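# Inside the fold
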Amino acid sequence: MKMKVGVLGSGSMGSGIAQIAASKGHSVKLYDNDRSSLTRSIEKTESILNRLIEKGKISKVDKDNTLGNIKTVSSINDFSDVDIVIEAIVEDLAIKKAVFNQLDGICKPDCILASNTSSFSLSSIASSCLKSERVIGIHFFNPAPIMPLVEIIPALQTSERVINVSRDLIDSWGKVTVIAKDTPGFIVNRIARPFYGEALRIYEEGMADFATIDWALTHKGGFRMGPFTLMDFIGNDVNYAVTESVFKAFYFDPRYKPSFTQKSYAEAGWLGKKSGKGYYDYSNDNAQFEVDKDADKANLIFKRILLMLINEAADALFLNIATKEDIDLAMTKGVNYPKGLLAWADEIGISECVSGLDQLYDEYKEDRYRCSPLLRRMGKINAKFFD
């Protein structure tokens, strides 16, 4: 069934979501209170579709149909007849709640109201609506047309109908969907925190520089990008804001403690690729970085970060954030990890993971290195996550 789709926000994420829906044959209404942003969105989408034609991935007919399915509208009131609205505006909870309250009064009673928020409570957003049962999180990853993963996050109030219709819709767009509990960071932004946080901690301790840590993760761990390259790609302002948000949301749990290094880089305007300088200098395309390729050091760096990631994944399962299958699927499809973290733990051996985490805790005596109770229980009986 083809649904009428409203997309609120025409930045890179909103434009990407509109492109996907339109390419699948849905009639899309795209709204932004900045008219110039709407113009740029259509121009950018046309440019992307032209490149896809050049690469032989779509035809000119596909392009024309996709663009023809997207209609920019001048008022949020034009969403009155759509079947689903997907909000992709600024990450500000107060603004989102105000907008959802407005949509609740505009949209027809059975219209689904979805937020693309990456970290805010869906239950809080839903509380701004009288018909709160129709609110749900549908979290795409950037760039939305390319990244396969979409997290589906029901609020406490969300009805089963809304969950099922939303997931079926996104599945029909060829995406890989996972269901996440409405907790800070959902699956990916929660579990991935040590990839950045522990790498920054290793740098701050003077154990290795940015390039060496990145090299250890890519060459020893098989990750597509090292943590510092990835933070520069995401933007230090964005990555730091998410870390700070998760830290506060978890009542200042030390496992999510932000880094002073990243805070300083963000405050200095060294945001990464988009500013020309971050952990690396992008003003010189031919710049070479010295890497310490000591195998023992690289293994220590890789093992320490991997153990922290595994611990976070195990704790997410322990606290019923998602199923073990969805946790591993989310990390491989959402952030391109070379293996699912729980399957990786099985490969290493649960007891070995527990021992490694206990060694870190014994050395630092910091709660950030506490071992997940689930890992400890499984280690005692030589259990595995997967058969």
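What you see is a predicted model; the values in this text were computed from it and never measured.

## Section: the overall build of the protein
Counting secondary structure elements, the protein contains 17 helices and eight strands. Against the 2.2 N^0.38 benchmark of 21 Å for 387 residues, the protein shows a C-alpha radius of gyration of 22 Å, consistent with a compact globule. Principal-axis analysis of the C-alpha atoms gives the protein an extent of 60 × 50 × 40 Å. With 387 residues in all, the protein has 53% of them scored as buried. For the protein, contacts bridging at least 24 residues in sequence account for 70% of all contacts bridging at least 6. As displayed, the protein has an accessible area near 17,300 Å², and 52% of this comes from carbon and sulfur atoms. Positive and negative side-chain charges of the protein, numbering 48 and 51 respectively, have mean locations separated by a distance of 3 Å.

## A word on empty space enclosed by the protein
Overall, the coordinates contain one cavity of 30 Å³ or more when judged by the stated rule. Along the wall of the largest cavity there are 18 residues; nearest its centre are R193, P194, G197, E198 and R255. Elements that contribute at least two residues to the lining of the largest cavity include exactly α8 (193-204), α11 (236-249) and α13 (295-318). Considering each element in turn, the lining of the largest cavity owes the most residues, six residues, to α8.

## Comments concerning the packing of aromatic side chains
All chains considered together, the criterion is met by 20 aromatic pairs. Between F195 and F223, the aromatic rings sit 5.1 Å apart at their centres with planes inclined by 40°, giving tilted as the arrangement. Within this pair, whereas F195 is found in helix α8, its partner F223 is found in the loop between α9 (210-220) and α10 (227-234), the two being separated by 28 residues in sequence. An identical accessibility class is assigned to F195 and F223; each is buried. Centre to centre, the rings of Y203 and F228 are 6.4 Å apart; their planes meet at 70°, and the pair counts as edge-to-face. Of this pair, Y203 sits in helix α8 while F228 is found in helix α10, placing the two residues 25 residues apart along the sequence. Overall, the relative accessible area of 28% leaves Y203 in the partly exposed class. Ring pairs connect the aromatic residues F195, Y196, F223, F302, Y337 and W344, which therefore count as one cluster. In this arrangement the basic side chain of K277 is found over the ring face of W270, its NZ or CZ atom lying 4.5 Å from the centre.

Cut-offs applied
The numbering scheme is per chain: residues are counted from 1 as the chain's sequence reads. Reporting in this predicted model follows two pLDDT cut-offs: at least 70 for local features of residues, and 80 or more for side-chain atom pairs to be given and counted; totals over whole chains, interfaces and linings ignore these cut-offs and use all residues. As a rule here, side-chain values come from all non-hydrogen atoms in the structure, and water together with hydrogens is ignored. Only DSSP runs of H or I with at least four residues qualify as helices, and only runs of E with at least two residues qualify as strands; both kinds are numbered from the N terminus onward. Radius of gyration means the value over C-alpha atoms here, while the globule rule gives 2.2 Å times the residue count to the 0.38 power. Only protein chains enter the accessibility calculation, which uses a 1.4 Å probe; a residue whose area is less than 20% of its type maximum is buried, one above 50% is exposed, and one in between is partly exposed. The criterion used for residue contact is that any of the two residues' heavy atoms lie within 4.5 Å. A 1.4 Å probe and the Shrake-Rupley method give the accessible areas. Residues count as covered only by the protein chains that appear here. Only four residue types enter the charge count: Lys and Arg as positive, Asp and Glu as negative, with His and the chain ends excluded. For the purpose of locating charges, the reference atoms are NZ of Lys, CZ of Arg, CG of Asp and CD of Glu. The rule is simple: put a 1 Å grid over the protein atoms alone, call a set of points where a 1.4 Å probe fits but cannot get out a cavity, call an open set with protein on both sides within 12 Å along at least five of seven lines a pocket, and count a residue as lining if it has an atom within 4 Å of a point. Grid points are joined across faces, edges and corners, and a volume is the space filled by probe spheres set on the points. Only centres within 6.5 Å qualify two rings of Phe, Tyr or Trp (six-membered ring in Trp) as a pair; their planes then separate them into stacked at under 30 degrees, edge-to-face at over 60, and tilted for everything else. Distance and angle both matter: a charge sits over a ring if NZ of Lys or CZ of Arg is within 6 Å of the ring centre and within 35 degrees of the ring normal.

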